[in-house]
Amino acid sequence: KNEIKLDPWGRPDIKDYSRLYDLFGIRPFNEVIDRMKKDNIELSPFIKRGIIFGHRDFDSKILKAIENKEKVAAMTGFMPSGRFHFGHMMTGLELIYFQKLGFKIFVGLADAEAYAVRHLPRKDLIRIGIEEYVANLIALGLDPKETEFYFQTNRKGSYHSLIQLFSSKITFNELEAIYGDITPGKIVSALTQAADILHPQLPEYGEYKHVVVPVGADQDPHLRLTRDLADRFKGDLDLEPPASIYHRLIRGLDGGKMSSSKPDVTIFLTDPIDQAKKKFMSSLTGGRNTAEEQRRLGGEPEKCPVYDLYLYHLVPDDVELTDIYKRCKSGSMLCGECKLFGSARLEKFLTEHQKKLEKAKDIAWSIVEIPKI
Ligand code: SF4
C-alpha cells in the first residue's frame, strides 16, 4: 500500500486511479451505472464523464434504499482553511445533484480540524467557512432550506458523545496504520470526521440510516476509519457503515493538485475576473513544444489542466466537449486558440457566479449558527 499513500491532509499525486481498486478495495463506479439506469436515476455529468470513478456500497446501501423508497442523505465536510476553488466546486455540484434527487444534505464545516491542522485564528476560520464555503455552495445552487450546515465545534447534542465513545474502540496503532504520522489534533479530527459522517443516523438528527459521502479520492482514509467504527458500534449504537463515492481530483494549472495553498495555479470562485483569466492563460497545457509539432502530432488533452477545466466545469455540453477533444488530438486547434475560448467561458461563468455571491453571503451569515468561542 506504500505505492500510493492517501493522506487527507496532504496533497497526493495519484497517477493511476484504477490502482485504488486493488490497493484499498474501492469498487469501480461503472458497475452500478446499469442499475441506476434501471432505477430511472438521472446520471450526473460527473458520472457520465468518468470523473466519479469509484464507490463503496453505493449499490447495496443507497440504490437499495432508493428502490425501497427509504429516506437517503448525502453528507460531506469542508475544511474552512482556504478559499473555495474549482476543486471544492466539484464536491458542491455533487451535493446539488443528490439534493435534486431528493436526498437530505448535511454539510459539516470542519473548523475543529482546520484549527488543529492549519492553526489559523478562530475568527478567520469562521469567516472563511461562511463567506467562502457556505456562500459559494448556495450561489452554485444548493438550496439552504434543504441543507443542514454546521460548524463542528458548534454542533449541538449527541454528536459530541459519538467522538468520545469512538475513542474507546480504536487503538493508536490502527490510527497510525490508516493515517501514517498522527498527532493528538489529527486523532481528534479523525474521530470528529467519523461523527460528522455517522451522526445523521441518530434519531436526534433525523435517523438517516442510508448516507452517501461524496469525496475526493484522497479522503478515503476517513471513510475506512468511519466504516470500521460503525461496525464496532453496530450493537451499542445501531450504526451502519456509510456508502461513499470518489472523484478524480481536478488538477491545478501546473498539473499538480489544485490547492488553496497554491494560489497562482488554482482558480478561486471569488478571484477578480482579470486575475482568474491571467492565471488561466498562463496554465500548463498538453500542447507540444512547437506549433509545427502540435499540428503534426496533435495535443494531449489527457495531460492538460485546461482540458480538465472544460471536462469538469466549463463545457457542460458533451458534443462541444467531444469537438474540442478531437480538434486538440488532431492538431487542428493550437493551445493559444483553445485558451482564448476557455478564458471567455471562464469569464462568463465567474461573472454570473459572483453576481449571485453577494446575496448568498447574506443568506449564509443568517442561517449558520456561529460558534461562541
Ligand atoms: Fe489543452 Fe486545448 Fe492545448 Fe489541447 S489545445 S492541449 S485542450 S490547451
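If you're wondering where the values come from, they're calculated on a predicted model, not measured in any experiment.

Calculation notes
Residues numbered from 1 in each chain as written. Predicted model: local features only at pLDDT ≥ 70, side-chain atom pairs only at ≥ 80, totals over all residues. Heavy atoms only, no water. Helix = DSSP H or I, 4+ residues; strand = E, 2+ residues; numbered from the N terminus. Buried < 20%, exposed > 50% of the residue type's maximum accessible area, 1.4 Å probe, protein only. Polar contact = N/O pair within 3.5 Å; in protein donor to acceptor, adjacent residues only side chain to side chain. Axes fitted to C-alpha atoms, helices over the stretch in contact; angles between N-to-C directions. Parallel < 35°, antiparallel > 145°, perpendicular 65-115°, else oblique. Left-handed = near helix turned anticlockwise from the far one by under 90°. Contact = heavy atoms within 4.5 Å. Nonpolar A, V, L, I, M, F, W, Y, C, P; charged D, E, K, R; others polar. Core = buried A, V, L, I, M, F, W, Y, C linked by side-chain atoms within 4.5 Å. Domains from an automatic or database assignment. Expected span 1.5 Å × (residues − 1). Near = heavy atom within 4 Å. 1 Å grid on protein atoms, 1.4 Å probe; cavity = no way out; pocket = protein on both sides within 12 Å on 5 of 7 lines; lining within 4 Å. Sits in = over half its atoms within 2 Å of the grid points. Pairing = 2+ DSSP bridges.

Draft legend 1. Examining the side chain of Thr266 more closely. In this fold, Thr266 is placed in the loop between strand 7 (243–247) and helix 13 (273–281). Residue classification places Thr266 among the buried residues on the basis of a relative accessible area of 0%. Separated by 3.0 Å, the side chain of Thr266 and the backbone oxygen of Lys262 make a polar contact.

Draft legend 2. The arrangement of the packing of helix 15 (residues 305–314) against helix 16 (residues 318–330) in detail. Between helix 15 and helix 16, the least distance of the axes is 10 Å, while the angle of their chain directions is 165°. One finds that helix 15 runs roughly antiparallel with respect to helix 16. The two elements helix 15 and helix 16 meet at a crossing, and its hand is left-handed. Contacts between helix 15 and helix 16 involve Tyr307, Tyr310 and Leu311 from the first element and Leu321, Ile324 and Tyr325 from the second. Taken together, the residues of the contact of helix 15 with helix 16 break down into six nonpolar, no polar and no charged.

Draft legend 3. Structural context of the nonpolar core. In this structure, Phe29, Met36, Phe58, Phe98, Val212 and Tyr310 are the most contacted members of the largest nonpolar core, which totals 73 residues. Top element by residues in this core is helix 7 (residues 122–140). It accounts for 10 residues. Split by domain, the residues of this core number at least three in each of domain 1 (19–253) and domain 2 (263–360). In this view, Met36 contacts Phe29, Ile41, Leu43, Ile47, Phe58, Leu63 and Tyr97; residues no more than four positions away in its chain are not counted.

Draft legend 4. Highlighting helix 5 (residues 86–100). For helix 5, built from 15 residues, the straight-helix expectation of 21 Å at 1.5 Å per residue is met to within 8% by its first-to-last C-alpha distance of 21 Å. The first or second residue beyond helix 5 is Gly102, which carries a positive phi of 100°.

Draft legend 5. Layout of the site of the ligand. In the vicinity of the ligand, the residues found are Thr285, Gly286, Gly287, Cys304, Val306, Tyr307, Cys328, Cys335 and Cys338. Mapping the ligand onto the cavity grids shows that it belongs to the largest cavity. Contributions of two or more residues to the shell around the ligand are made by helix 15 and helix 17 (335–367). The residue makeup of the shell around the ligand, split by class, is six nonpolar, three polar and no charged.

Draft legend 6. Region of the structure containing the sheet that holds strand 1 (residues 27–28). Spatial strand order, 1-2-7-6-3-4-5: seven strands in an open sheet with mixed pairing. Either end of the sheet is taken by a strand with one partner, and the two such strands are strand 1 and strand 5 (147–151). Strand direction decides the pairing type here: strand 4 (residues 104–109) and strand 5, joined by five bridges, are parallel. Among the inter-strand pairings, Ile105 is bridged to a residue of strand 5, identified as Thr147.

Limitation: the analysis is restricted to geometry and does not speak to function.
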